[in-house]
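Coordinate inspection notes
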Amino acid sequence: DVGWRSWAATSGLGSSAVMRLATLLVEAARAAAASGDLSGALARAKRAASLDPTSPDAVLESHRLEYRLRGGGTPREAQAAIDDLNTVTDTLRPHQVELHAFLLAEMMDVVQGGGAGMRELTARHAEIGAAPLIALGMAERLVRAKSYTTALPLFQKALEGELHGLRTRTRVLLAAADAAAHAGD
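To keep things clear, this report deals only with the structure shown in the data block. (Residues numbered from 1 in each chain as written. Predicted model: local features only at pLDDT ≥ 70, side-chain atom pairs only at ≥ 80, totals over all residues. Heavy atoms only, no water.)

Examining the overall build of the protein
Within the protein one finds ten helices and zero strands. The N-to-C order of helical and strand elements in the protein reads α-α-α-α-α-α-α-α-α-α. Relative to its length of 185 residues, the protein is compact, with a C-alpha radius of gyration of 18 Å against a globular reference of 16 Å. When the backbone C-alpha atoms are referred to their principal axes, the protein occupies close to 65 × 30 × 30 Å. By residue count, 43% of the 185 residues in the protein fall in the buried class. Surface accessibility of the protein: about 9,400 Å² in total, with carbon and sulfur atoms responsible for 55%. Each charge class in the protein can be summarised by its mean position, and for the 20 positive and 21 negative side chains these summaries are 2 Å apart. (Helix = DSSP H or I, 4+ residues; strand = E, 2+ residues; numbered from the N terminus. Rg over C-alpha atoms; globule rule 2.2 N^0.38 Å. Buried < 20%, exposed > 50% of the residue type's maximum accessible area, 1.4 Å probe, protein only. Areas by Shrake-Rupley, 256 points an atom, 1.4 Å probe, with all protein chains shown as cover. Lys, Arg positive; Asp, Glu negative; His and termini not counted. Charge placed at Lys NZ, Arg CZ, Asp CG, Glu CD.)

Structure, rendered in structure tokens:
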């Protein structure tokens, strides 16, 4: 959002104050999302990412909320998300890697298709193991490829952890049950 960047540049605020404002906007976005105001949350997170496009918290929260509201979007929107996510790759903290990988994989599938998302998830799985969102992303793709038996332990791992509001536990349980039923066929 050029307006927020422009305002920050002309406001006289130092870079540390702009970064603090971005942090506060991320916190406000999370609070709004927790109260059910996803549109308001997204607006705040986008402002935060606009003010500090190098902040992993701001970029991840913005794209997490965008994904919750709209999914992967169009190929152009997904490519823009990939570009934003790639900007913060080198500054991720360990607890952010799985959310980053999940969002990146979802967007890569929109833009590239052909298993691009699974390749990303497999690479992250090799680095950090079957974190819940990585396991979920892999399990969903394995089900689409009709590899039901291989998907089952990954669904189990996904259900053991935090899914950051990207899927409900009910949805994951139903997908796991369907995979189990197909695995027995």
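Don't stop here, the text continues.
Regarding the pattern of salt bridges
Tallied over the entire structure, the rule returns twelve salt bridges. Linking R30 and D57 is a salt bridge whose minimum nitrogen-to-oxygen distance equals 3.8 Å. Of this pair, R30 sits in helix α2 (residues 15–34) while D57 is found in helix α4 (residues 56–70), placing the two residues 27 residues apart along the sequence. What makes R30 partly exposed here is its relative accessible area of 38%. You can call D57 partly exposed: its relative accessible area is 24%. Put simply, R93 and D57 hold a salt bridge, and the shortest N to O gap is 3.0 Å. Taken together, the positions of R93 in the loop between α5 (75–88) and α6 (97–111) and D57 in helix α4 put the pair 36 residues apart, joining distant regions of the chain. Note on R93: relative accessible area 35%, which makes it partly exposed. Each of R30, D57, E61, R64 and R93 takes part in a single network of salt bridges with overlapping partners. (Salt bridge = Lys/Arg side-chain N within 4 Å of Asp/Glu carboxyl O.)

Considerations on the nonpolar core
With 47 residues, the main nonpolar core has L133, L136 and F155 as its most contacted residues. Counting residues per element, this core draws most heavily on α6, at nine residues. With eight residues, the next largest nonpolar core counts L38, L42, A45 and L65 among its residues. (Core = buried A, V, L, I, M, F, W, Y, C linked by side-chain atoms within 4.5 Å.)

Quick notes on unusual backbone geometry
With the exception of glycine, the majority of residues adopt a negative phi angle, and the majority of peptide bonds are in the trans configuration. The phi dihedral of K146 falls on the positive side, at around 65 degrees, and the residue is not glycine. If you trace the backbone, K146 turns up in the loop between α8 (132–144) and α9 (148–159). At H164, a residue that is not glycine, the phi angle is positive and equals roughly 55 degrees. Here H164 lies in the loop between α9 and α10 (169–183).

Keep in mind that these numbers describe shape and distance, not what the molecule does.
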